[in-house]
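Structural overview for review
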Amino acid sequence: MRKVSKTILVTGGAGYIGSHVCIALLDAGLDVVVVDNLSNSNKASLERVQSICGRSLVFRHADIRNEEVIYDILRACGVTAVIHLAGLKAVGDSNVRPMTYYENNVLGTMRLVSAMKRAKVKTLVFSSSATVYGIPRYLPLDEKHPLGPTNPYGRTKLFIEEMLKDLYRSDDDWRIGNLRYFNPVGAHESGLVGEDPLGVPNNLLPFVAQVAIGRREKLLIWGNDYDTPDGTGIRDFIHVVDLASGHLSALRHLRQPGVLTVNLGTGNGSSVLEVIRTFEAVSGRSVPYEIGARRAGDVAICYADPTLAKQALCWKSTRSLKQMCADHWRWQLQNPNGYPGTELKVRGVVQACLPSRLSVRS
Ligand code: NAD
Ligand code: UFG
């Protein structure tokens, strides 16, 4: 019997979540094409993805806003579905440069969808975010919770979700999955692929890991006067490998046309202090911290109701906070300065100057 080929385009595939999604897809026997402009990533991640999986993928250094290039890639590679992760994601930065976020995230998605339409590729999994809910009115957050993001980044996610719903209303051949991620952390168990933020990390786990390894002196906890058991913020941390497998489940369950909007979270909340203690226990290192003022825009508690994902995608997370911290630590320990070349990129040395050991076709 002829094997039906399934080739998945992963936009933003060189990034933190994207590299783990590529592993999940390759491990499942699918073919992978990555499009990434490397604005917040390092193509060394893809070299490592291939060595973990023992399979190759196709890499195209391109921008999703370039519709013609994306169209050519879709056609030339025989792409059957797209997992769309490319985007800018820093909440604070989005307040400073809102138009850059709208241009990159919203316009970028419009161009991508336009190219897909022309190429007759009508299956799309989109990386949305729990940030679309804004300030929780009740917990846990289910998909029916009112929407009201409090920053431009969150609004780009909400506008894209709405745009994709309109797209389906206009053409009911589309299969669309809007995945609302909670707080992805951790790394692949090999320690070869993980989160490699450029400059000072915005998020908790990478900051904690850099303190533990000695790259930073101490963590600043943004507020310990919240209405939570220990006063620090509570989040739904989810292992990035679990999150990645949710994309595979979404592809499998997008067999019928329609739009499915679903939370990807664990359903459990952990406080900032719990994370620090767990990280200290698994790493054997201390994580000094200081209590600072609340960060503008932060909510006290945020965690998912993951019921719909279980019902509609047959997916649930399986990894504990301890495993998230242990895997994040292994990545940090094996790569104290991130991927080779990231340091130079932070200092503004052009990437073209870096020696390339990349075996992916680009
Ligand atoms: P990341 O920055 O590591 O990955 C995003 C990738 O997209 C990067 O490799 C970047 O170079 C690429 N990219 C950005 N703009 C592009 C463009 N115009 N054309 C081509 N490539 C482009 O971020 P991540 O944490 O892996 O997040 C992936 C997606 O998930 C993002 O859309 C983000 O908004 C969303 N998300 C992330 C989180 C989180 O906490 N990490 C939470 C919710 C949602
Ligand atoms: N925190 C600190 N110090 C730090 C960093 C974070 O105390 O240096 C605290 C925050 O105040 C918060 C918790 O750790 O209480 C988690 O903060 P993160 O920045 O790691 O995560 P957020 O929940 O603020 O936001 C993340 C992503 C968003 C995404 C959201 C989805 O950054 O893009 O999760 O829930 F939308």
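Residues numbered from 1 in each chain as written. Chains lettered and ligands numbered in written order. Predicted model: local features only at pLDDT ≥ 70, side-chain atom pairs only at ≥ 80, totals over all residues. Heavy atoms only, no water.

A few words on the packing of aromatic side chains. Aromatic ring pairs: the centre-centre distance and the angle between the two ring planes describe each pair. Evaluation of the coordinates by the stated rule reveals four aromatic pairs. Plain terms: the ring middles of Y133 and F182 are 6.5 Å apart, the flat faces sit at 35° to each other, and that makes the pair tilted. Taken together, the residues span a long stretch of sequence, with Y133 in the loop between β5 (123–129) and α6 (152–170) and F182 in the loop between β6 (175–181) and β7 (183–185) at a distance of 49 residues. Judged by its relative accessible area of 1%, Y133 falls in the buried class. Residue F182 is classed as buried on the basis of its relative accessible area of 5%. Here the aromatic rings of F279 and W329 are separated by 5.8 Å at their centres, their planes lie at 80°, and the arrangement is edge-to-face. In this pair, F279 is assigned in helix α9 (residues 272–283) and W329 in helix α11 (residues 321–334), connecting sequence segments 50 residues apart. Exposure class is identical for F279 and W329. Each is buried. The ring of Y71 has R118 lying over it, and the distance from NZ or CZ to the ring centre is 4.1 Å. (Phe/Tyr/Trp six-rings, centres within 6.5 Å; stacked < 30°, edge-to-face > 60°. Helix = DSSP H or I, 4+ residues; strand = E, 2+ residues; numbered from the N terminus. Buried < 20%, exposed > 50% of the residue type's maximum accessible area, 1.4 Å probe, protein only. Lys NZ or Arg CZ within 6 Å of the ring centre and 35° of its normal.)

Near ligand 2 lie 20 residues; those nearest to it are S129, N203, R235, R295 and D298. Contact between ligand 2 and N203: an oxygen atom at 2.8 Å from a side-chain N or O atom of the residue. Side-chain polar atom of D298 to an oxygen atom of ligand 2: 2.6 Å apart, as the coordinates give it. Protein contacts shield 89% of the accessible area of ligand 2, which totals 690 Å² for the unbound molecule. When residues of the shell around ligand 2 are assigned to domains, at least three map to each of domain 1 (7–184 + 237–264) and domain 2 (187–236 + 267–302 + 314–334). (Near = heavy atom within 4 Å. Polar contact = N/O pair within 3.5 Å; in protein donor to acceptor, adjacent residues only side chain to side chain. Areas by Shrake-Rupley, 256 points an atom, 1.4 Å probe, with all protein chains shown as cover. Domains from an automatic or database assignment.)

Let us now look at the site of ligand 1. Surrounding ligand 1, one finds 28 residues, the nearest of these being D36, N40, S41, K89 and Y153. Contact distances for ligand 1 include 3.3 Å between an oxygen atom and a backbone N or O atom of G15. For ligand 1, whose accessible area on its own is 820 Å², the fraction buried by protein is 95%. For the shell around ligand 1, the element with the most residues is β5, which contributes three residues.

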